[in-house]
Structure formats: structure tokens, C-alpha cells
Amino acid sequence: MDATSALPGWLAPSLRGYRRTWLRADVVAGLAAGVVVVPQAMAYATIAGLPVAVGLYTCMVPVVLYALLGGSHTLSVSTTSTIAVLTASTLAAAGGSAGGAADQAADDVLGAAFTLTALVGACLLAMRLFRLGSLVEQISPATLTGVKTGVGLTVAVAQLPTLLGLATPADDPGFLGALGGVVSALSTTHVLTAVVSAAAVGTLLVLRRVAPRVPGALVVVAASILLVALTDVEDRGLALIEPVPAGLPGVSLPVWDEVVRLLPGALAIAVMAFLETVLVARAQRQRSEPAIDSDRELLAVGVAALGGGLSQCLPPAGGFSQSAVNLGAGARTQVSGITTAALAVLVALFLAPVLSDLPAATLATLVLVAVVGLVSPAEFVRLYRIDRTELWVAAITTAIGLTAGLLPAVGAGVVLTLFLVLRAVSRSAVRPLHPAPDGGWTTNPPPDGEAAPPRLMLLHLDRTIYTGNARPTQDAVLAAALAADPPPRAVVLEGTAVERATVPLLDAVEGLDADLAREGIRLLLAAFPARVRRRATVSAWWAAAERDGRVLPTVGAAVAAAAPERAAEQATEEATGEATGEAPA
């Protein structure tokens, strides 16, 4: 029996059945991911308007907590550009962003940021408590495409002043305002800064193409630090990052006065953190690993965020690029994540003075190269070819993100998703039913199949009837009956796909019966599951319909009841078709 078998079922699920032979691969993968995660997280902290040390700290406690609770074996957790931008937007909206708080103490800004991280954790845990994981996952992929496009463009433009050494104000977080500021300040470009930025971007892109296994971020960071240490570029105007304090993060308690102002943004960040984490985790899952449980991920990321809020961190989430490095380097379990956290601790303890020689332009290049990949014109082309409605969702979300900000974009995306879901469930749930060529019944009209019985309309209910689709379904059946020429003597409503007897279902069939009766048309119900029929008998109308022989066990029986003169023929069809077990599609 291995040591992990004694652990509770909820603890360290990725370590179940751990083998010592995996340790080397996990450690190597954790170090490989760490050389990507640590500088990238530091760069993302600058997006949020926070000290780079906050990004470094985000690679510690949250990573370990996810490793102990998360279901993914190879997901690498720190923070992402999307989360960093939403953090900046939330702090700005609450009056606590570093970029727009010249009259506010830095400690207050940090306190608000760490309170936000803890609130994100609380929101995620509340979602887990109410088992909302599967509901949150219903947010349209087009919404994510729009948000990520807005993030990519907004962050890319926001890095240009640092990349070019421009003297432009940094207090306008919006895309259009930032772009206008960059254009107006191009004449103040600092040539040395622009050259260093261009060299760093070129190095990252070349290494990504010709040597993808080489950690480009580490190469660029190390080369930039050496450049500062060995030359006089700092004296010639190359700006450096703020000094990185040596040591581990302290405990940061929530600022309760900020909770109400930060809560809307925390909820938006929680949704995006969960979605990003689950999407990457599912993409990374190997065939031998258990399926990703959305509720477990809510718990793991929620606890990681709560711990991060108490240890001076940004809200955590799973990142695609670092997770791909982790998996590509051979990671087998979350021991790799613990290794990444250990590397971050060593960097904070022993390399902080060295990191203080890092040019700000170098961090900006890491951000730029990372976020450009979020803008995918091919995804918009795909949406255009498949579903124009989804394309409009992505376009509207992007436009709102670029004009009003990313927090409103997330909110608009959620509202648009809700609209699409409501529109889908509010559509009619009925389709024509046809005799199949080899007997039985099908919703696919056969090109040379048998014609439906004369003056008899056969309809199939696609799904359970709820409040949203009850009225459209009732109206669609009545309209089809009235439009038929000649008008039918009876309508047979087949219900094999109905899973529950709901109040809207019973109200709809009762109202439909009354509507059809006024037109001299008889309504018959056929092939509803036994459990639905048993529950439906509480309805006086349904019980009366059963007594009248209008609730039948099969479509063939309903057809025979509607046209007694064809009873013998339908009995033969029943034996040759429905007895074979064929069900409507």
C-alpha cells in the first residue's frame, strides 16, 4: 500500500498511486514551468498596477493549495493576463488602482488588491457550495473569445509606453484612451528602450519558433539583467522595475470597508478564473486520468484564491502556456506544481536583489508576446462560418471591452449568454413524425417512405416542456393543425423524449386540447414514459384523457385509435416496426 492511500479522498487526488519513478520527471517539469511562470507572473502584476513582487508571491501559496486540492494532474497555476486586467479594472472602478490613485497610499492599494483576491476565493467557494460549476460553464465560448480579444488588444496597447519609453500619462486604462496617448507621445520615444524591447521581442519569437523547448522568458530576463549589470544602460535612461524585496510574503488581512465596492469585480474575476482553469485542465487531461470535475475545480481554485488573498497574491487561475510547458516537460502529477512553488520561494529568498536590475521594458515584452496570442482572427472566421449569432456575441463583447472596459464586457457577455440560452429553451419543442420505411416512426422524413395516415397529424416532442417552451410548443402544434389541408381529424403527440411531468407540460396539453377541440380536432398522447404518465395522473385533465382512451402506450396504438378502420393494418405495423425497438430520433 503506497503512502498516499492513507490520505482523505478530497486531498491530493493527483497523487493517488504515486510512484517514485515519477519524481524526477515531476521535478524537472516543475522547474521548466517555473522558469516560465515566475517572470510571467511578475509581468502580469504590472498589468494590474501592482509591484512585481505580488506576481512572484502568486507562484507560492496558491500553487501549493491547488496542488493539494485540484483534480488536474498537470495544470500549472499562477495568474493570467485576463485575470490581471480584470484586477486592474476592478481596482480602478473601486478607486484603488495604482495607475489612478496618485492621492492614495500604496498600502491602501495593496490592501484593496489582496482583499479582492480573497473575495474571488469566497465567490468561487460560494459557487461550489451551491454546485454552480456546470451552470457557469454554460457561458458562451464566443463570450470568452470577445473578452480575450479585448484583453489582448487593451494590454498590448498599455505596454507600448513602457516598450518605447514614452512620456505618456498612465491613468487611462481604456484601449482608446491609451492608444490616443501613445500616438500623441510617439515623438518622445526613447531609442535605447525601444531597441532593448525590439531585441527582447525578437528573441522570444525566434526561440518560440526554432527552439520551443528553450525557456525564452528566462533567456530574455537573464540577458536583460546582465545588460544592466555590465553596461551603463541605466545611466542612459533605461528604466528598471521597482526593487523587489527579499523574503517571503507576510499575512494580509482583508480590508472589510472595501468588500462592497470590490464584490462585483470579484464575481467577474471568479467566473473567468474558473472558466480558464477548467478549459486548460480539460485540454491537458490525459486518457489515464479521471475526468475533470467542475465542482472540485471550484473548490481548489477557491481555496487557492482565499489563501492567496491572505498571502499578498493576485487571483490565481490555470494558464495555458505554462501548463503546456509543464506537460511537455513530462509532468505526471501536481508534485510539479509544488516544485514550481519551491522555485518561486528560492527566487524570493536569494535572487530578489538580482531581479531589481531587470528593465521594465523586458517585463513589458513578456506581457506583449503572451497577450498577442489571445487575439485570434481565425476564431472570428470560425464563428462566422458556423454561427453568425455567436459571432455577434464575440464582436459585441470585444467592442464593449475596448470602449467601456473589460468588467462591463464580462457582464455583457454573461447577459448575452443568458439571452441565447433563454432563446434556445423558448423555442418550440415539436417536430413532425413520419412512418419509417421499415416500420416504426422517425423524425427524419424518408424520401420514398410511406405517407402518413390521411387526415392524421403525427408530432414528436423533442424534450421536456418547461415554462420557456410551453407556449411556443402549444402555439406551434395549433398552427400546424390549422395550416394542414385538409385539416386533420386528430393530432397524435408522441412523447418518448419527455423526461419529466411538469406543470407547464400539463397546462400546455390541456390548453392545446381545448384549442384543438374548438376546431373539431381530437388530441391523442402517445408513448410517454411510464414514470411521466404516473406523475401526470395527478392532473384531472390527464386522468380524464386516460379514461377516455386518449393516452396510448405507442404511436401505433394512437394511430389505430384515431382511425379505427385501419386498426388491423396498424397492428401489423406495430408488430413489424415498433416491436423491433426502433424509437423516433
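Everything discussed here concerns the structure shown above.
Residues numbered from 1 in each chain as written. Predicted model: local features only at pLDDT ≥ 70, side-chain atom pairs only at ≥ 80, totals over all residues. Heavy atoms only, no water.

A.B. asks: Could you give an account of the pattern of salt bridges, with specific residues and numbers?
C.D. replies: A side chain with one charge may pair with a side chain of the opposite charge, provided their charged atoms come close. Evaluated as defined, the whole model comprises nine salt bridges. For the salt bridge of Asp 475 with Arg 471, the shortest nitrogen-to-oxygen distance reads 3.1 Å. Within this pair, Asp 475 and its partner Arg 471 are both found in helix α20 (residues 467-483), separated by four residues, close to a single helical turn. A relative accessible area of 38% means that Asp 475 is categorised as partly exposed. (Salt bridge = Lys/Arg side-chain N within 4 Å of Asp/Glu carboxyl O. Helix = DSSP H or I, 4+ residues; strand = E, 2+ residues; numbered from the N terminus. Buried < 20%, exposed > 50% of the residue type's maximum accessible area, 1.4 Å probe, protein only.)

A.B. asks: Can you tell me about the nonpolar core, naming the residues and giving the values?
C.D. replies: Proteins that are soluble and globular tend to have nonpolar side chains buried together. Leu 50, Leu 56, Leu 124 and Leu 363 are the most contacted members of the largest nonpolar core, which totals 96 residues. Among the elements that take part in this core, helix α11 (residues 259-284) stands out by supplying 14 residues, more than any other. (Core = buried A, V, L, I, M, F, W, Y, C linked by side-chain atoms within 4.5 Å.)

A.B. asks: A description of the packing of aromatic side chains should follow, citing residues and the corresponding values.
C.D. replies: For the structure on display, the rule yields three aromatic pairs. Seen from their ring centres, Trp 541 and Trp 542 are 6.5 Å apart, and the 70° between their planes marks the pair as edge-to-face. Accessibility expressed as a relative area gives 13% for Trp 541, which makes it buried. When the ring centre of Tyr 384 is taken as origin, the NZ or CZ atom of Arg 388, which lies over that ring, is 3.8 Å away. (Phe/Tyr/Trp six-rings, centres within 6.5 Å; stacked < 30°, edge-to-face > 60°. Lys NZ or Arg CZ within 6 Å of the ring centre and 35° of its normal.)

A.B. asks: Describe in detail unusual backbone geometry, supporting the description with residues and values.
C.D. replies: Negative phi is the rule for most residues except glycine; trans is the rule for most peptide bonds. The omega angle of the peptide bond from Asp 485 to Pro 486 is 5°, so this bond is cis rather than trans. Locating Pro 486 in the fold gives a position in the loop between α20 and β7 (490-494). Even without being glycine, Ala 12 reaches a positive phi, approximately 50°. Checked against the element boundaries, Ala 12 lands in the segment before α1 (23-47). By relative accessible area, Ala 12 is classed as buried at 2%. Non-glycine residue Ala 527 carries a positive phi angle of around 60°. As for its placement among the helices and strands, Ala 527 is situated in the loop between β8 (522-526) and α22 (530-536).

A.B. asks: Hey, could you go over the packing of helix α7 (residues 141-164) against helix α18 (residues 388-403) for me, with residue numbers and the actual values?
C.D. replies: Interhelical geometry of α7 versus α18 gives an angle of 30° and a closest axis separation of 7 Å. Relative to α18, the element α7 lies roughly parallel. Handedness of the α7/α18 crossing: right-handed. Along its contact with α7, which presents Ala 142, Thr 143, Thr 145, Gly 146, Val 147, Thr 149, Gly 150, Leu 153 and Thr 154, the element α18 presents Glu 390, Val 393, Ala 394, Thr 397, Thr 398, Gly 401 and Leu 402. (Axes fitted to C-alpha atoms, helices over the stretch in contact; angles between N-to-C directions. Parallel < 35°, antiparallel > 145°, perpendicular 65-115°, else oblique. Left-handed = near helix turned anticlockwise from the far one by under 90°. Contact = heavy atoms within 4.5 Å.)

A.B. asks: Just give me the short version of the packing of helix α9 (residues 191-210) against helix α10 (residues 216-230), but keep the residues and values in it.
C.D. replies: α10 packs onto α9 with a crossing angle of 150° between their chain directions and a minimal axis gap of 9 Å. Classified by the angle their axes make, α9 and α10 are roughly antiparallel. Here α9 runs over α10; the crossing is right-handed. On the side of α9, the interface is formed by Val 196, Ala 200, Thr 203, Leu 204 and Leu 207, while α10 contributes Gly 216, Ala 217, Val 219, Val 220 and Leu 227. Its residues assigned to classes, the contact of α9 with α10 shows eight nonpolar, two polar and no charged. (Nonpolar A, V, L, I, M, F, W, Y, C, P; charged D, E, K, R; others polar.)

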